[in-house]
Amino acid sequence: MPLYDYLCQACGHRFETLVRAGATPACPQCGGTALDKQVSAPAAPGKSKAIVAAARRQAAREGHFSQYSAAERNKLLR
Ligand SMILES: [Zn+2]
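Now for a description of the structure that goes with this document.

The rules we used
Per chain, the residues get numbers from 1 upward, laid out in the order the sequence is written. Per-residue local features of the predicted model are confined to residues with pLDDT of at least 70, and side-chain atom pairs are confined, for both listing and counting, to 80 or more; whole-chain, interface and lining totals are unaffected and use all residues. Computation of side-chain values: all heavy atoms of the structure, hydrogens and water removed. Each helix is a run of H or I in the DSSP string that is no shorter than four residues. Each strand is a run of E no shorter than two, and both are numbered from the N terminus. Contacts are residue-level and defined by heavy atoms, with any inter-residue pair within 4.5 Å sufficient. Pairing between two strands is assigned when DSSP locates at least 2 bridges connecting them. Note on method: axes are straight lines fitted to C-alpha atoms, helices fitted across the in-contact stretch only, with angles between N-to-C directions ranging 0 to 180 degrees. Only Phe, Tyr and Trp rings are paired, with Trp represented by its six-membered ring, and only when their centres lie within 6.5 Å; those with planes under 30 degrees apart are stacked, over 60 edge-to-face, the remainder tilted. A ring is scored as having a charge over it whenever the NZ atom of a lysine or the CZ atom of an arginine sits within 6 Å of its centre and within 35 degrees of its normal. The rule for donors is simple: N, O or S, within 2.8 Å of the metal, or within 3.2 Å if the metal is Na, K or Ca. Water isn't counted, so a site may look like it is missing partners. Donor angles set the geometry label: tetrahedral for four donors if every angle is between 85 and 135 degrees, square planar for four and octahedral for six if opposite donors exceed 155 degrees and the others are between 65 and 115, irregular for anything else.

## Describing the environment of Lys47
Within the secondary structure, Lys47 sits in helix H1 (residues 45-62). Note: C-alpha distance between Lys47 and Glu16 (31 residues apart in sequence) is 9.8 Å.

If you want it as structure tokens, here you go:
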């Protein structure tokens, strides 16, 4: 999955996120989807873990759980 750097036009929050083909990323701060794509710098090893966690939170908020294991999914849906 490609990693992109975005600048939210609504609140000015800058963040990196993993974007699946066809998926629209949303600002983790305000949920806005009006984003400017920035030139992405390579993620540091420690940082990419946080990015994956953020991407999973985003997926949960959007209501799809494909990035979660079956056990995690059960916990979330209960
Ligand atoms: Zn925002």
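Further notes follow.
## Some thoughts on the environment of Gly32
With respect to the helices and strands, Gly32 occurs in the loop between strand S2 (14-18) and strand S3 (35-38). For the pair Gly32 and Ala10, spaced 22 residues apart in sequence, the C-alpha to C-alpha distance is 6.5 Å. In this view, Gly32 contacts Pro25, Ala26 and Cys27; residues no more than four positions away in its chain are not counted.

## Things to note about the sheet that holds S2
What holds strands together in a sheet is hydrogen bonding between their backbones, with the strands either parallel or antiparallel. With antiparallel pairing, the 3 strands of this open sheet are ordered in space as S2-S1-S3. Of all strands in the sheet, those bounded by a partner on one side alone are S2 and S3. Averaged over all pairs of adjacent strands, the angle between strand axes in this sheet comes to 40°, irrespective of strand direction. Note: strand S1 (residues 3-8) against S2, 5 bridges, orientation antiparallel.

## Re the packing of aromatic side chains
Aromatic rings considered in pairs are described by the distance between their centres and by the relative angle of their planes. A complete count under the given rule lists 2 aromatic pairs for this structure. Look at Tyr4 and Tyr6: their rings are 6.2 Å apart centre to centre, the planes differ by 70°, and that puts the pair in the edge-to-face class. Aromatic rings pair up to connect Tyr4, Tyr6 and Phe15 into one cluster. The ring of Tyr4 is capped by Lys37, whose NZ or CZ atom sits 4.0 Å from the centre of that ring.

## Points about the pairing of S1
Hairpin connection from S1 to S2: 5 residues lie between these consecutive antiparallel strands, with Gly12 at a positive phi of about 80°. Alignment of S1 against S3, held across 4 bridges, turns out to be antiparallel. Across the sheet, the residue bridging to Asp5 is Gln38, located in S3.

## Quick notes on the coordination of the zinc ion
Taken together, Cys8 (SG), Cys11 (SG), Cys27 (SG) and Cys30 (SG) make up the full set of protein donors to the zinc ion, lying 2.3 Å away. Around the zinc ion, the 4 donor atoms are arranged such that angles at the metal cover 104 to 116°; this shape is classified as tetrahedral. Summarised as a motif, the one-chain spacing of the donors to the zinc ion is C-x2-C-x15-C-x2-C.

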